[in-house]
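Now for the letters of each chain:
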Amino acid sequence: MSTNQPAPPIDEVGALLGRMRSAASPVRDVLRELHERLSKDDSGEVATYIPELAKANPGWFGLSICTVDGNTIEFGDVSQPFTIQSISKAFVYGMALEDRGLENVLAKVGVEPTGDAFNSIVLDEISNRPFNPMVNAGAIATCDLINGADHPERVARMLNMIRTYCGREIHIDHSVFLSERMTGHRNRAMAHLMRNFGMMGEKFEESLELYFQQCSILVTASDLAVMGATLANAGVNPKTGERAISADNVKYVLSLMLTCGMYDYAGEWAFRVGLPAKSGVAGGIVAVIPGVGGIGVFSPPLDAKGNSVRGVRACTELSQRFGLHCLATGSGGNALLEALTARRR
Amino acid sequence: MPKIISTHSFRGGTGKSNTTANLAVLTAKRGLRVGVIDTDIQSPGIHVIFGFDPKSAKSSLNDYLWGRCRIEEAAYDMTEGCIGQVHTGDERPRLFLIPSSLRTGEIARVLREGYDVAKLNDGIHELVEGLNLDVLFIDTHPGVNEETLLSIAISDALVLTLRPDQQDFQGTAVTVELARRLEVPRMFVVVNKVPEGIDQDLLREQVEAAYQCQVAALLPLSNEMVKLGSGGLFANRYPDHPLSVSLKRLSDELMTS
């Protein structure tokens, strides 16, 4: 399974037949059963640190899988919009790599997992860098690396980047953005601290705004699956054929997702699920099956570590059932590919 | 292992619904549990042949698709009227019909809003499991649309009905190509309404050359069928008619292998 050769975009008849195959896929039964069973798990709490997130219906639950040949198999609330939150960090990091090149990015943000919580104010004592781009400090420093003549251009470029991954127009939820910005004292403090150490430039306040904006982008579980499939497909959106990131940079994004993507559950996630993934406090998780496809899950109740309860369970079960662990030698993703291409019987 | 069989025609008027209804009854009479689902939501009709009064339907396929009922609640046991008396305790033979709604509002809603074909797929499989069916026939809307393609994608066999008519010939080629691309395991081409005096061997040859697949049956144009006007089940009314015999043979072929 080489990730260097993206699948060619599909023709119209192919797309139609693909949709029919998806609708008829036995994997849909797996998602349906999983959805029904995990819906009964009402543990976890919806994030409440801003009122907009607290409004989420804890019953929302969407499961979507998109393959590198652009077929989507999904079940549940897959069209319910929610804010992308920390999931954006992985994609903005990829954009910083594209804009500045690996070494320049590494000079500002490390790639070392921390056992600390997402909002910890910890910098590397020797280099003053935030540990990695998946903790808030690292994500804010990463935002500072996004190119653009002025703030509006930087915002437009970032939105366009996410649009390319999703394959559709996307928008910022303004009230979430304003709330994040009004209440983001801790993030503001981190930005100032990093500015003090010279890890952020003169435009650090604008970069902080950009960070609040990136977290407030509205996506759906379907979108997350396509975004994951784009990374799985060497950076080319399988639905549109548009390139979102160079194949070279995909591996850096994915390795950070694997080691740091699930807050302070990242180690156990890599061990048990074995898929590069990123979660957000609104209840979204994107997981990538390299060379095979992307998984998008949305369910707002979070566990103590800030990951979607049903999302973690769904990814864990899918990984075990289809042998998706990316370090499982010899079988990675094959069972899912077979199930996806198999007819019902 | 339950079988799903879709019947399809590229154009209307090929006798697809009559063929499906009769095949379903002949198949059930082998001692099987058979379902017939009318996915022709835009222009439902197969219920007429079974003598089913749409007013007596509390729920239809439409209700399931809009989430108003479980699919089994839209299934009606037609065994007595179509096969005859069966002991209440006997599980086989049984014949179930899942009709589409004839209410104008329901049809308009489908045209306006469409529906999720994946949900139709879920329903079909819940139906096969819930009613413990041996065979499910799917009667589709003529032409190519999402529900016909879905039924092809999930079927073990596809029965393609056409008349000896140039428009049917050309159109059916489209369905054959799509069915091949959807990798339907078995395809049965049925040439229906074949008039007397036509060179059957030549017709068979032409069709087989055009689609690169065998013709499963050439069904004669029958005056009795025309006169029946969908007012009943032909194979029950005229069991010894050459048409019924051919249909019976087709049912045998569908069930073997």
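Our structure is the block above this text.
So, how was this worked out
- Residues numbered from 1 in each chain as written.
- Chains lettered and ligands numbered in written order.
- Predicted model: local features only at pLDDT ≥ 70, side-chain atom pairs only at ≥ 80, totals over all residues.
- Heavy atoms only, no water.
- Helix = DSSP H or I, 4+ residues; strand = E, 2+ residues; numbered from the N terminus.
- Rg over C-alpha atoms; globule rule 2.2 N^0.38 Å.
- Buried < 20%, exposed > 50% of the residue type's maximum accessible area, 1.4 Å probe, protein only.
- Contact = heavy atoms within 4.5 Å.
- Areas by Shrake-Rupley, 256 points an atom, 1.4 Å probe, with all protein chains shown as cover.
- Lys, Arg positive; Asp, Glu negative; His and termini not counted.
- Charge placed at Lys NZ, Arg CZ, Asp CG, Glu CD.
- Pairing = 2+ DSSP bridges.
- Axes fitted to C-alpha atoms, helices over the stretch in contact; angles between N-to-C directions.
- Phe/Tyr/Trp six-rings, centres within 6.5 Å; stacked < 30°, edge-to-face > 60°.
- Lys NZ or Arg CZ within 6 Å of the ring centre and 35° of its normal.
- Parallel < 35°, antiparallel > 145°, perpendicular 65-115°, else oblique.
- Left-handed = near helix turned anticlockwise from the far one by under 90°.
- Buried area = accessible area lost by both parts, 1.4 Å probe.
- Salt bridge = Lys/Arg side-chain N within 4 Å of Asp/Glu carboxyl O.

Asks: If you had to explain the overall build of chain B to someone new, which residues and values would you point to?
Replies: Along its length, chain B carries 12 helices and 8 strands. Relative to the compact-globule value of 18 Å for 257 residues, chain B shows a C-alpha radius of gyration of 17 Å, a close match. Across its three principal axes, chain B shows a C-alpha extent of roughly 50 × 40 × 35 Å. Put simply, chain B has 257 residues, and 58% of those count as buried. Summarising the internal contacts of chain B: among those between residues at least 6 apart in sequence, 77% fall at separations of at least 24. Taken as a whole, chain B presents about 10900 Å² of accessible surface, with 48% of it coming from carbon and sulfur. Distance between charge centroids for chain B: 3 Å, based on 26 positive and 34 negative side chains.

Asks: If you had to explain the sheet that holds strand E3 (residues 76–77) of chain B to someone new, which residues and values would you point to?
Replies: All names here are of chain B. Pairing is mixed across the open sheet formed by 8 strands, whose spatial order is E3-E4-E2-E5-E1-E6-E7-E8. For this open sheet the edge positions go to E3 and strand E8 (215–220), each flanked by a neighbour on one side alone. One ladder, built from 4 bridges, connects strand E1 (residues 3–8) with strand E6 (residues 157–162); its direction is parallel. In the sheet register, Ile5 faces E6, and the bridge partner there is Ala157. Packing against the sheet, helix H7 (residues 146–154) makes contact with E1, strand E5 (135–139) and E6, and its axis sits at approximately 145° to E1. Lying on the sheet, helix H12 (residues 242–255) is in contact with E1, E5, E6, strand E7 (186–194) and E8; it crosses E8 at an angle near 160°.

Asks: Tell me what's going on with the packing of aromatic side chains, and back it up with residues and numbers.
Replies: One pass over the full model with this rule turns up 6 aromatic pairs over all chains. Here B:Phe234 and B:Tyr238 contribute two aromatic rings whose centre-to-centre distance is 5.0 Å and whose plane-to-plane angle is 40°, an arrangement assigned as tilted. Using a relative accessible area of 29% as the deciding quantity, one classes B:Tyr238 as partly exposed. One Lys or Arg, A:Lys278, reaches over the ring of A:Tyr263 and ends 4.3 Å from the middle of that ring. Above the face of the B:Tyr64 ring, B:Lys119 is positioned so that its terminal group lies 4.6 Å from the ring centre.

Asks: Account for the environment of B:Pro99, with residues named and values stated.
Replies: All names here are of chain B. Position of Pro99 among the secondary structure elements: in the loop between strand E4 (94–98) and helix H5 (104–113). Classification of Pro99 as buried rests on a relative accessible area of 3%. Pro99 has contacts with Asp38, His47, Phe52, Ser60, Leu61, Ala74 and Tyr76, leaving out every residue within four places of it along the chain.

Asks: I'd like to hear about the packing of helix H2 (residues 26–39) of chain A against helix H14 (residues 309–322) of chain A, residue by residue, with values.
Replies: All names here are of chain A. At a minimum axis separation of 11 Å, H2 and H14 run at an interaxial angle of 140°. Considering their axes alone, H2 and H14 lie oblique with respect to each other. Viewed along their axes, H2 and H14 form a crossing whose handedness is right-handed. For the pair H2 and H14, contact is made by Val27, Val30, Leu31, Leu34, Arg37, Leu38 and Ser39 and by Arg310, Arg313, Ala314, Glu317, Leu318, Arg321 and Phe322, respectively.

Asks: Residue-level account of the interface of chain A and chain B, with values.
Replies: The partner chain B presents 25 residues to the 16 residues of chain A that form the contact. Of the roughly 1800 Å² buried between chain A and chain B, counting both surfaces, carbon and sulfur atoms make up 52%. The interface formed by chain A and chain B contains 4 salt bridges. Two residues, A:Arg28 and B:Asp122, come together in a salt bridge whose shortest N-O distance is 2.4 Å.

Asks: Talk me through the pattern of salt bridges; I want residue IDs and the actual numbers.
Replies: Residues and elements named next belong to chain B. For the structure shown, the criterion picks out 31 salt bridges over all chains. Across the pair Asp165 and Arg11 runs a salt bridge whose closest N-O atoms are separated by 3.9 Å. With Asp165 in the loop between E6 and helix H8 (166–181) and Arg11 in the loop between E1 and helix H1 (16–28), this residue pair connects regions lying 154 residues apart in the sequence. Its salt-bridge partner being Arg70, residue Glu73 comes within 3.6 Å of it at the nearest N-O pair. On the accessibility criterion, Arg70 (49% relative accessible area) is partly exposed.

Asks: Tell me what's going on with unusual backbone geometry, and back it up with residues and numbers.
Replies: Here the bond from B:Arg92 into B:Pro93 is cis, since omega is -10°, no more than 30 degrees from zero. Checked against the element boundaries, B:Pro93 lands in the loop between helix H4 (79–82) and E4. Although it is not a glycine, A:Tyr263 adopts a positive phi angle of roughly 55°. Considering the arrangement of structural elements, one finds A:Tyr263 in the loop between helix H12 (247–260) and helix H13 (266–272). Using a relative accessible area of 7% as the deciding quantity, one classes A:Tyr263 as buried. You will see that B:Lys193, though not glycine, has its phi angle at about 60°, which is positive. Topologically, B:Lys193 is positioned in strand E7.

Nothing here speaks to function; it is all geometry.
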